[in-house]
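Report on the structure
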Amino acid sequence: MMSLVYQNLISNAIKYSSKKEAPSIHIGSQQVNGEVVYFVKDNGAGFDMNFYEKLFGVFQRLHSESEFEGTGIGLATVNRIVQRHGGRIWAEGKIDEGSVFYFTLGN
């Protein structure tokens, strides 16, 4: 299941940064308050934080299908997998500057 999490997050990073002249994607982890936080960061299309609540919903898209292909279930799937592993997921984004998706896993 964790490979599906990374597959979705990395494919989204590739998709949403594909229109950039110099796309950049970083995958990593860091210790924060004794907890391992994993992340996938890109410099792509980003998103408006005002619509954050829709980000992990089924069939919720923040970009039109004419801009970027997709079904609108990838992040909802990622969210469910992370939660089933006792973790949490969140994101930060800025339009045209990219986004970062973070997640943790339970012990």
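Here we look at the environment of methionine 2
Here methionine 2 lies in helix 1 (residues 2–17). In sequence terms methionine 2 and valine 82 are 80 residues apart; their C-alpha atoms lie 8.0 Å from each other. The contacts of methionine 2, once residues within four sequence positions are left out, are Ile81, His85, Phe103 and Leu105.

Considering the pattern of salt bridges
For the coordinates displayed, the defined rule picks out 1 salt bridge. Measuring nitrogen to oxygen at the nearest pair gives 2.8 Å for the salt bridge that ties glutamate 35 to arginine 88. Taken together, the residues glutamate 35 in strand 2 (residues 35–42) and arginine 88 in the loop between helix 2 (74–84) and strand 3 (89–94) connect sequence positions 53 residues apart.

Considerations on the side chain of serine 99
Within the secondary structure layout, serine 99 lies in strand 4 (residues 98–103). A residue is classified by how much of its surface remains accessible, and serine 99, at 8% relative accessible area, is buried. With residues near it in sequence (within four places) discarded, serine 99 still touches Val40, Lys41, Asp42, Gly46, Phe47, Glu92 and Gly93.

Details of the pairing of strand 3
Burial along strand 3 is one-sided: the face carrying Ile89, Ala91 and Gly93 is buried and the face carrying Trp90, Glu92 and Lys94 is not. Bridging between strand 3 and strand 4 involves 6 bridges; their strand directions are antiparallel. Considered in strand 4, the bridge of glycine 93 is made with serine 99. Where strand 3 folds back onto strand 4 in an antiparallel hairpin, the turn is made up of 3 residues, including aspartate 96, whose phi is positive at roughly 65 degrees.

A word on the packing of aromatic side chains
On inspection of all chains with the given rule, the structure shows 6 aromatic pairs. Centroid distance tyrosine 38 to phenylalanine 103: 5.2 Å. Interplanar angle 25 degrees. Geometry classified as stacked. Here tyrosine 38 is found in strand 2, whereas its partner phenylalanine 103 is found in strand 4, with 65 residues between them in sequence. Pairing phenylalanine 56 with phenylalanine 101 gives two aromatic rings, centres 6.2 Å apart and planes at 85 degrees, and the pair type is edge-to-face. Separated by 45 residues along the polypeptide, phenylalanine 56 in the loop between strand 2 and helix 2 and phenylalanine 101 in strand 4 bring together distant segments of the chain. One exposure class covers both phenylalanine 56 and phenylalanine 101, and it is buried. Here the aromatic cluster, defined as three or more aromatic residues joined through ring pairs, consists of Phe47, Tyr52, Phe56 and Phe101.

Conventions and cut-offs
- Per chain, residue numbering runs from 1 following the sequence as it is written.
- For this predicted model, a pLDDT threshold of at least 70 governs which residues receive local features, and a threshold of 80 or more governs which side-chain atom pairs are given and counted, while totals over whole chains, interfaces and linings are taken from all residues.
- The side-chain quantities take in all heavy atoms of the structure and omit both hydrogens and water.
- Helix and strand definitions here come from DSSP, where helices need a minimum of 4 consecutive H or I residues and strands a minimum of 2 consecutive E residues; each element is numbered from the N-terminal end.
- Contacts: residue pairs with any heavy atoms within 4.5 Å of one another.
- A pairing counts as a salt bridge when a side-chain nitrogen of Lys or Arg comes within 4 Å of a carboxyl oxygen of Asp or Glu.
- The classification of residues rests on relative accessible area computed with a 1.4 Å probe and restricted to protein chains. Under 20% of the type maximum is buried, over 50% is exposed, and intermediate values are partly exposed.
- Criterion used throughout: strands pair if DSSP finds at least two bridges between them.
- Between rings of Phe, Tyr and Trp, where Trp is taken as its six-membered ring, a pair exists when centres lie within 6.5 Å; planes separated by under 30 degrees are stacked, by over 60 edge-to-face, and by other angles tilted.

The analysis is restricted to geometry; functional conclusions fall outside its scope.
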